Amino acid sequence: MKKINEILDILINKCLIINDGLELKQLRSGTTDGVLYTLSAKKMPTYVIKIDNPKIINSTQDFLLTYNDVKLMPDVLYTDDKKEFIAYSYIAGETHYNRGSKMEWMTILINDLFNKYKKVDSDIPWGRVNGIHRNSWSDFNQSSLESAQNNIGDLLTSEDNNRVEFLVDKLNTYHFQHEKYYLHGDTGVHNFVYMEKQLKGIIDPSPLIGPKVYDFTYAFCSSPDSLDLKTLLSAFSLWNNNSSFTSEQLLNEVLFQLYTRIGVCIKVHPHDLNDYLEAWKEWRKYLPAF
């Protein structure tokens, strides 16, 4: 794996950057195993350099190039032939916080990303591009359910857990209707860049082959604020090609996403857990009855 100084030499020698007042700063990489740096020119952060497994670098490059017309996405500067690193434009702002209202940033997401998602060929398998490929979306849901159950344990009632299993069975009856799309796969506030309470960018794709509704519900459930029916329905009304979704299916998709989000919180974001559990008290009444 190349060292950061070697990478700088490559970018300079290819005349992609100018060796004038360059500064590097290593970033915390969150849940990724890769190493991230910001590259500043004359005190201004300009590029991000990501060093990671070639499969990760390759899928990141492919996703960003596929959606290079999406203004929220960073622009690719360079990827080396061995796919050991990628350099792309820096998006100023902060993730998670000072994000304004959910309806405002969901509207931007829908108009500028979700409505531009592209279909993929039917022979491309479901699931994470860099993960386990699935024969159906039902298989992906089942894996997500099992992971959430392992994390949640007895935090929720056995009745709730059983009704969620029944819910997933109902969702699986819809899977034959789903068309395959090339998704970001991790559309949460931890990957959204905000500036002055407005969404300015989306980073760190974890490319996924799945139905568009997955990224929509993932984004809606990625923060515990405004997890209410009014916000959901207002956002959903903006989404293109949603006429095939019934209200029941939409609620079921959100319920399952919220359940899996609680499982993720226990493991990764425990500071949000109480807020999600409060939201669950309201949403659980929409769980299908046996």
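So, a few notes on the structure that sits alongside this text. (Residues numbered from 1 in each chain as written. Predicted model: local features only at pLDDT ≥ 70, side-chain atom pairs only at ≥ 80, totals over all residues. Heavy atoms only, no water.)

## Remarks on the packing of helix α5 (residues 158-172) against helix α8 (residues 247-267)
The interhelical angle for the contact between α5 and α8, taken along N-to-C directions, is 130 degrees, at an axis separation of 10 Å. It follows that α5 is oblique to α8 by the angle criterion. For the element pair α5 and α8, the recorded crossing hand is left-handed. Between α5, through Asn-161, Val-164, Leu-167, Val-168, Lys-170 and Leu-171, and α8, the contact on the second element is made entirely by Glu-248, Asn-252, Glu-253, Leu-255, Phe-256 and Tyr-259. Residues belonging to the contact of α5 with α8 are distributed by class as follows: 7 nonpolar, 2 polar and 3 charged. (Axes fitted to C-alpha atoms, helices over the stretch in contact; angles between N-to-C directions. Helix = DSSP H or I, 4+ residues; strand = E, 2+ residues; numbered from the N terminus. Parallel < 35°, antiparallel > 145°, perpendicular 65-115°, else oblique. Left-handed = near helix turned anticlockwise from the far one by under 90°. Contact = heavy atoms within 4.5 Å. Nonpolar A, V, L, I, M, F, W, Y, C, P; charged D, E, K, R; others polar.)

## Some details on the nonpolar core
The biggest cluster of nonpolar side chains holds 70 residues, and the ones touching the most others in it are Trp-105, Leu-109, Phe-114, Phe-192, Phe-216, Trp-280 and Trp-283. With 9 residues, the single largest contributor to this core is α8. Leave out the neighbours within four places in its chain, and Phe-192 touches Glu-94, Thr-95, His-96, Trp-105, Leu-109, Thr-187, Leu-199, Gly-201, Ile-202 and Ala-219. Judged by nonpolar contacts, the second largest core, of 13 residues, contains Ile-7, Leu-8, Ile-49 and Phe-85. (Core = buried A, V, L, I, M, F, W, Y, C linked by side-chain atoms within 4.5 Å. Buried < 20%, exposed > 50% of the residue type's maximum accessible area, 1.4 Å probe, protein only.)

## Overview of the sheet that holds strand β4 (residues 76-79)
Pairing is antiparallel in the open sheet, where 5 strands are placed in the order β1-β2-β3-β5-β4. On the outer flanks of this sheet lie β1 (22-27) and β4, each paired with one strand and no other. When strand polarity is set aside, the average angle formed by the axes of neighbouring strands in this sheet is 20 degrees. As paired elements, strand β3 (residues 44-51) and strand β5 (residues 85-89) share 5 bridges and run antiparallel to each other. (Pairing = 2+ DSSP bridges.)

## Considering the sheet that holds strand β10 (residues 198-202)
Within the open sheet, the 3 strands sit side by side as β6-β9-β10. Their pairing is antiparallel. The open sheet is flanked by β6 (94-95) and β10, the only strands paired with a single partner. Relative to β10, strand β9 (residues 192-195) runs antiparallel, the two sharing 4 bridges. Opposite Val-193, over in β10, you have Gly-201 as the bridge partner. Set on the sheet, helix α3 (residues 102-112) makes contact with β9 and β10; between it and β10 the angle comes to about 40 degrees.

## Observations concerning unusual backbone geometry
The phi torsion at Cys-15 lies on the positive side, around 60 degrees, for a residue other than glycine. Relative to the helices and strands, Cys-15 is located in the loop between α1 (4-13) and β1. Positive phi, close to 55 degrees, is recorded for Lys-42, a residue that is not glycine. When you line up the elements, Lys-42 lands in the loop between β2 (35-41) and β3.

## What about the pairing of β4?
Here is the key point about a regular strand: its side chains alternate between the two faces of the sheet. Where β4 lies against β5, 3 bridges are found, and the strand directions are antiparallel. Considered in β5, the bridge of Tyr-78 is made with Ala-87.

## Here we look at the packing of aromatic side chains
Across all of its chains, the model carries 21 aromatic pairs by this definition. With centroids separated by 5.5 Å and ring planes inclined at 15 degrees, the aromatic side chains of Phe-216 and Trp-239 adopt a geometry described as stacked. Here Trp-239 lies in the loop between α7 (229-236) and α8 and Phe-216 lies in helix α6 (residues 212-221), a separation of 23 residues in the sequence. For Phe-216, a relative accessible area of 0% gives the class buried. Ring-pair connections join several aromatic residues into one group, and the members of that group are Phe-63, Tyr-67, Phe-114, Tyr-117 and Tyr-182. (Phe/Tyr/Trp six-rings, centres within 6.5 Å; stacked < 30°, edge-to-face > 60°.)

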